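# Close look at the chain arrangement
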Amino acid sequence: IFANPHKTINCNDMKIEKIEINNFRLLKTTSLSLQEKTTVIVGRNNSGKTSLTEIFRRFSKRDRFKLEDFSLSSLPDFSEALKAKLAKEKDSVIREILPSIDLTLIVNYSENKDDYGVLSNFIIDLDENQTNTQIKISYRLQDGKIDGFFSGIADEKAPDFFDIIRERIPIYYDFEVIAIDMQDSDNISKTEFENYKRLIRTDFINAQRWLDDETIKENDVLGKVLSSIFSNASKESAPEEMQKKSKELDEVVKQIQITVDSDFNAKVKALIPALNIMGYPGLSDPKFTTKTSFDAKTIIEKNTKLLYEKSHGITLPETYNGLGSRNLIFILFHLFDYFRQFQSDEIQPKNHIIFIEEPEAHLHPQMQEVFIRKLYEIADTFSTQLNGGKKWPVQFIVTTHSTHIANEADFDSIRYFLTKGKDDLQTYIKDLNAEYSKPDNEQDKNFIHKYLTLTKCDLFFADKAILIEGPTERILMPEFIKKLTTVNLQSQFISTVEIGGAYAHHFYKFLDFLELKTLIITDLDSTKPEQTDKGIKYKACLVSAGEKSSNTGIIKWFSYKDDDGNDKENVDLSEIRSKVLKDKIQGTRRIAYQIDEESKECCGRSFEDAFIITNPTVFGITETKGSALEIKAFDEAKKYTSKKTDFAIKYAYEESKWEIPLYIKEGLIWLSENESDKVLSTDVIK
């Protein structure tokens, strides 16, 4: 800014557009775009969601990092740096090799025309049209400390090498903040860490897992937030309205103090045993008196509790309220407190980022949905009613395991954390907004968002998934998994989604985006042409008599491009039935539809047909194979067209002596394979 004093900067509503993290735990090299208002973080357990919050917590408080905080894949860089040191390489080369933990923020300051504020320390470009800047906060080896860091280490293969490095990191590493020109990465400028803290305020609302712990002494936690609110109201930099309320409280306490000084302390002295029995006071000993002091902050902090008004003048303690209500009130109190802190800062930050961790704790599903819908509305209310209409430049980052929050949130706000790798395990952050902003994905996006909102399915959090046709397969699926005793599926978190063959194809790109191992179980739906008054119509028929499949999921799976590059759909039944296993697998998903049962020499059209063909004696059918069995099964299945749920319940809970249809058995065995694709936790990963 000093290089170009005529450049105006919009700081009143500065937003963080992008976050980049390097070398912190699972976040080896990750990039995360933020929504202007609320960003929702989802993903399986141990996918790095906690690490995102933690790196902001460390940098905002200047809490030092440990060796275990560095990404596992970056640890060999310490050895490589020592080898370079022993080889007498230049310090600049060694420093380039040494790992650092970095948090880079790309911010947009386009809307302010009035003042620079603390942002002036981070604007170093000369371009009038540039309204973005880059801020990099690093935990790195201090300048001039390479010799001290490696002092006395003669060999990177020494057994105690990492023990030494572990001890020296807190001593020789420190924090550094630099501004980087967006158009010239070599144009950088160091600045004080306090300038970063004045620019961006960071606060946290942690998961309230302890609200139901009656053993902790300080269980009136909601009342304690009032103390912080009062403290902020007392500051000279607080808004005039806040200071006025604070002074009124002080006046009340002063009146109490006058009474205490004139009467209460005299009574206290009378209670103290006479010390002259022990010869005190002597001639040279001073007499003593008592003084009891009060101040509003102490009263609020130590003696104020939040109570709930009931009928007949009865009030109940905070802990008597339901856990869900306490959690919600706790979050709202903290939001209000953080808003007041922002207002009371002597130099108001240009951005306020608040992490809310697992707000769903103890909240019923409907309240979870209301919370995520209304979250930013709360911030707007604070701005309009308590801040003179001046916008509170807050951005929320919500981490959640709740399907209700994830599916109710705006689709564009979802960021999916996925952990991949074996030897080099790390987190990859996937942006639904970026993926589904493509025009050819618009139809799938609308369908999936509506479907997720209606069904609350948990694909975002599952280890694996099964997409099924309808209620029959859904009810029977747990029994299928139990019966497959040779594989281990019961211990895995598998999401079963009832979607139907007509809509399954809308999920294909979404499943690829999630990189979620998924089995899609659907029906062949064989048809043959029949002449009607309205022309040729394709009617349901035996598989052996069929010519085409009417199942859209299968048709889209095997679609292809012709020689001219046009999309073609494959509906030919004989060709579909001839597909081998490799044709039925695309990336992390596999499709499974009816195939000939071993030794039966026939194939079912639907699940019911296939189940009957696999278990003919259960249904009193004497035919054992071929077309005779196929016809019998086809006719028997018609009886359950309107009774599919009854069919499923009978064989899930009443009858147990039956076999799984082959196409489902093969699919589930495939789903159970490759156990190494599951995420494993380690001592140094959260």
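### Quick notes on the confidence of the model for the protein chain
Model confidence for the protein chain is summarised by a mean pLDDT of 82, while 78% of its residues fall at 70 or above. Element-level pLDDT for the protein chain is lowest in strand β10 (residues 315-317), with a mean of 44, against a maximum mean of 97 in strand β24 (residues 589-592). In the model, residues 209-219 has pLDDT below 50 throughout and makes 17 contacts with residues more than four positions away in sequence or in other chains. Across residues 676-686, where pLDDT falls below 50, the model places 20 contacts with residues more than four positions away in sequence or in other chains.

### Focus on the pairing of strand β18 (residues 526-532)
Sheet analysis places β18 next to strand β20 (residues 548-549), joined by 2 bridges and oriented antiparallel. Across the sheet, the residue bridging to Thr527 is Lys548, located in β20. Sheet topology note: the β18/strand β19 (residues 535-540) ladder contains 6 bridges and is antiparallel. Pairing of Glu530 across the sheet is with Lys537, part of β19. Between the antiparallel neighbours β18 and β19 lie 2 residues.

### Things to note about the pairing of strand β13 (residues 414-420)
Across a regular strand the side chains alternate sides, sitting on one face of the sheet and then on the other. With respect to burial, β13 is a largely interior element, 6 of its 7 residues being buried. Of the strand pairs in this sheet, strand β3 (residues 38-43) and β13 are connected by 4 bridges, and their pairing is parallel. Residue Ile41 lies in a different strand from β13, and its bridge partner there is Arg415. Relative to strand β14 (residues 426-431), β13 runs antiparallel, the two sharing 6 bridges. Considered in β14, the bridge of Lys420 is made with Gln426. Following β13, the chain reverses through 5 residues before pairing antiparallel with β14; Gly421 in that reversal takes a positive phi of roughly 110 degrees.

### Thoughts on the nonpolar core
Formed by 63 residues in total, the largest nonpolar core has its most connected members in Leu335, Ile354, Ile356, Phe396, Leu459, Phe460 and Phe510. Ignoring any residue separated from it by four or fewer positions in sequence, one finds Phe510 in contact with Phe411, Leu432, Tyr436, Ile448, Leu452, Leu459 and Phe460. Counting residues in hydrophobic clusters, the runner-up holds 59 residues, among them Ile16, Leu27, Phe65 and Phe122.

### Examining helix α2 (residues 76-86)
Among the residues making up α2, those that are buried are Phe78, Ser79, Ala81, Leu82 and Ala84. Contacts made by the buried residues of α2 are with α3 (91-97), α4 (146-150), α5 (161-172) and β6 (173-181). Remark: Lys88 follows α2 within two positions and exhibits a positive phi of approximately 65 degrees.

### Things to note about the sheet that holds strand β8 (residues 200-205)
Read across the sheet, 6 strands follow the order β8-β11-β12-β3-β13-β14 without closing on themselves; strand pairing throughout is mixed. Of all the strands in the sheet, the pair left with one neighbour each is β8 and β14. The mean angle between the axes of side-by-side strands here comes to 20 degrees, regardless of whether they run parallel or antiparallel. The sheet contacts of helix α1 (residues 49-61) involve β3, β8, β11 (351-357), β12 (394-399) and β13, and relative to β8 the element is tilted by about 130 degrees. Its contacts with the sheet place helix α11 (residues 365-386) against β3, β11 and β12, and it is angled at close to 160 degrees to β12.

Rules of the game
Residues numbered from 1 in each chain as written. Predicted model: local features only at pLDDT ≥ 70, side-chain atom pairs only at ≥ 80, totals over all residues. Heavy atoms only, no water. pLDDT = per-residue confidence, 0-100. Helix = DSSP H or I, 4+ residues; strand = E, 2+ residues; numbered from the N terminus. Contact = heavy atoms within 4.5 Å. Pairing = 2+ DSSP bridges. Buried < 20%, exposed > 50% of the residue type's maximum accessible area, 1.4 Å probe, protein only. Core = buried A, V, L, I, M, F, W, Y, C linked by side-chain atoms within 4.5 Å. Axes fitted to C-alpha atoms, helices over the stretch in contact; angles between N-to-C directions.

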